[in-house]
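A look at the structure
Residues per chain are reported as follows:
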Amino acid sequence: MNILALLIPVTLALGIVGLLTFFWTLRNGQYDDLTGDAERILFEESESPLRPSKTTTIKDHIQ
Amino acid sequence: MIAQLTKSERHSGIFLSLVISIAGFLLAIVGRGDPLGFHGWMILAVGAAFLVALARQLDAPEPTEDRNASYYDDPTKVGIILALCWAVVGMGMGVWIASMLAWPDLRFDAAWSSFGRLRPIHTSGVIFGFGGNALIATSFHVMQRTSRARMPSQISPWFVLFGFNLFCIVAASGYLIGVTQSKEYAEPEWYADLWLVLVLVVYFILYLRTLARRNEPHIYVANWYYMAFILVVAVLHIVNNSAVPVSFFGAKSYSAFSGVQDAMTQWWYGHNAVAFFLTSGFLGMLYYFLPKRAERPIYSYRLSILSFWGITFFYIWAGSHHLHYTALPHWVQTLGMTFSIMLLVPSWASAGNALMTLNGAWHKVRSDATLRFMMVAAVFYGLSTFEGSFMAIRPVNALSHYTDWTVGHVHAGAMGWVALISFGSIYALAPVLWRRKNIYSWKAVEWHFWLALSGTVVYVFAMWNSGIIQGLMWRTYTESGTLQYSFIDSLVAMHPYYIARTFGGFLFLLGAIIALWNIVMTIRHSPKLEPELDYPTSSEAQEPAVPAAE
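What counts and what doesn't
- Residues numbered from 1 in each chain as written.
- Chains lettered and ligands numbered in written order.
- Predicted model: local features only at pLDDT ≥ 70, side-chain atom pairs only at ≥ 80, totals over all residues.
- Heavy atoms only, no water.
- Salt bridge = Lys/Arg side-chain N within 4 Å of Asp/Glu carboxyl O.
- Helix = DSSP H or I, 4+ residues; strand = E, 2+ residues; numbered from the N terminus.
- Buried < 20%, exposed > 50% of the residue type's maximum accessible area, 1.4 Å probe, protein only.
- Contact = heavy atoms within 4.5 Å.
- Buried area = accessible area lost by both parts, 1.4 Å probe.
- Expected span 1.5 Å × (residues − 1).
- Phe/Tyr/Trp six-rings, centres within 6.5 Å; stacked < 30°, edge-to-face > 60°.

Between side chains of opposite charge, a pair can form as their charged atoms come close. This structure, assessed with the given rule, holds 9 salt bridges over all chains. Here E295 of chain B makes a salt bridge to K364 of chain B, at a shortest N to O gap of 3.1 Å. On the criterion of sequence distance, the pair formed by E295 of chain B in the loop between α8 (259–294) and α9 (301–315) and K364 of chain B in helix α12 (residues 362–367) is long-range, its members being 69 residues apart. For E295 of chain B, a relative accessible area of 57% translates into the label exposed. Of the charged contacts, one joins E446 of chain B and R372 of chain B as a salt bridge, the two residues approaching to 2.7 Å between their closest N and O atoms. With E446 of chain B in helix α16 (residues 442–474) and R372 of chain B in helix α13 (residues 369–391), the pair connects residues that are 74 residues apart, well separated along the chain. Since its relative accessible area comes to 17%, E446 of chain B is described here as buried. Accessibility expressed as a relative area gives 9% for R372 of chain B, which makes it buried. Each of D33, D37 and R40 of chain A together with E216 of chain B takes part in one network of salt bridges that share partners.

This is the structure in structure tokens:
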């Protein structure tokens, strides 16, 4: 069953990518405000995105 | 739409179209006398069509600067229309091939119309054509809205959308002329497979870039589901389609794997085509459009995240349940079976989450067919994931394998879950995208819902019956220990169910045709939604002429 020598490592690698991504979400505070996150998609806020200036990035929003 | 591209973007588009046209021309020349040559001419024609369309609009006025203050919705709009067109084509093929099973003479006496060639047009047409376009279109919408950011490129989304559709038409046309790798959901040959990898890579990068420029710090859960679909499908697609072309001037290739090794690879891919393409991607759709339409937040946002990680870590191991009682080693079968059963937990977490979200909105489910589409989709999702986990158990599979029960399971998921959530999402999205007050005909949406539901129920009940009959007939022994029924006996017993299945699919197809009509009528005739503004503007993006003071 030689193919498992390919399939299992690839699957585990994908799993590790998933795990590392999960750790990133923890570090990044993605779960800090779960109630707000669920509610915010419902805000009507017209059909335009927030309008930061061209130099504003997400880092500027998080102090 | 071309007028929305800047001059340099139009030039980029022309350059890309030129490259594709030249590639097509080269394939046409080197592939002379081979199906590859035919595809070369087709690719050349597509490239040339885009070239002409862009060149004609090259000198149209440049778009206004204020477009950066709005979302880029043109690719989403085109994607929705393409999805509905593919639904009609793919489901139409489904009805045809179903009727061929009941009445085998319903074909022209030619190779192209044989069941074997038409069947993958159905499977690829509904999964990739309908499902894929629905995923691309809705993901473009969701990633921008939940990030509160416009996507970073006006070229990439078109490359993804049209590149993906080029893959679909190369696949479908190839099947007609006999091109196939004979791998379920992976029939297209090596050259189409390479192209799809490129499309998926650009898609994933576009997604990441959009999230990177988000104005909303949190990445909404739906985005995770969509991204898992793109990444995992791409990796599995690459491994499963590893093949050695006989020559670079012909379509034919040989798989890098063979025998039971190939079978395992195929179902490692094939089951996760279901898991990540048909489940994860559409859960992304569900998690955005259902709460939006119900105007209620997800019941337990925490649970939706747990469900995501559970699904992604468990699903990928489940593939070997397609190979119970084959030459695949027993422990590998058991591994797949175990993870398939564990999978029930995160799957029902999502299904339950969706239904609990509707608590407080059941009156809306009663009166709003669009929301009802999504609710019934969640129910079928729960049903199919239970059924799947159940069928993955080895002794259950001993009865169900190779029978129509598997087909019934597939279609409960494909019609009941995937198609219904797609239609619900499209009906919810279209008025928003095209700035209309509502869908052209709410009655037509109702008609569609009941046609879709009854079609699904007729189809699935027919296949449950025929599948169990097959399974039982194949394992019935006489007193002397021989098989009671021949295979032909079981085939004859299938006849009424094959007719019922054709009818069920036909009802479903009618619904899809109504949907296409309704959306087109919405775009053309529904009254526009005029937002109430307290400043004058003639801008398409409804932006003031002067940026508002901060």
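Quick look at the interface of chain B and chain A now. Taken together, the 53 residues of chain B in the interface contact 42 residues of chain A. Summing both partners gives a buried area of about 3,900 Å² for chain B against chain A, and 70% of it is carried by carbon and sulfur. Among the residues chain B hides against chain A, the three largest losses belong to R148, N215 and W309 of chain B. Together they make up 16% of the total. Applying the counting rule to chain B against chain A returns 1 salt bridge. Put simply, R40 of chain A and E216 of chain B hold a salt bridge, and the shortest N to O gap is 2.7 Å.

Once that is clear, we can look at helix α10 (residues 330–342) of chain B. Taking 1.5 Å of rise per residue, the 13 residues of α10 of chain B would be expected to cover 18 Å, and the 18 Å separating its terminal C-alpha atoms lies within 8% of that figure. Three or more residues of α10 of chain B are buried, namely V332, Q333, G336, M337, F339 and S340 of chain B. Residues of α10 of chain B that are buried make contact with α1 (4–27) of chain A together with α8, α9, α11 (344–357), α13 and α14 (394–400) of chain B.

Moving on, we get to the packing of aromatic side chains. Each aromatic ring pair is characterised by the separation of its centres together with the angle its planes make. All names here are of chain B. All told, the structure shown has 43 aromatic pairs over all chains when counted by the stated rule. With a centroid separation of 6.5 Å and an interplanar angle of 80°, the aromatic rings of Y72 and W158 are classed as edge-to-face. Taken together, the residues Y72 in the loop between α2 (35–56) and α3 (74–102) and W158 in helix α5 (residues 156–176) connect sequence positions 86 residues apart. The class for Y72 is buried, based on a relative accessible area of 2%. Ring centres 6.0 Å apart and planes at 40° place the aromatic pair W348 and F386 in the tilted group. Taken together, the positions of W348 in helix α11 and F386 in helix α13 put the pair 38 residues apart, joining distant regions of the chain.

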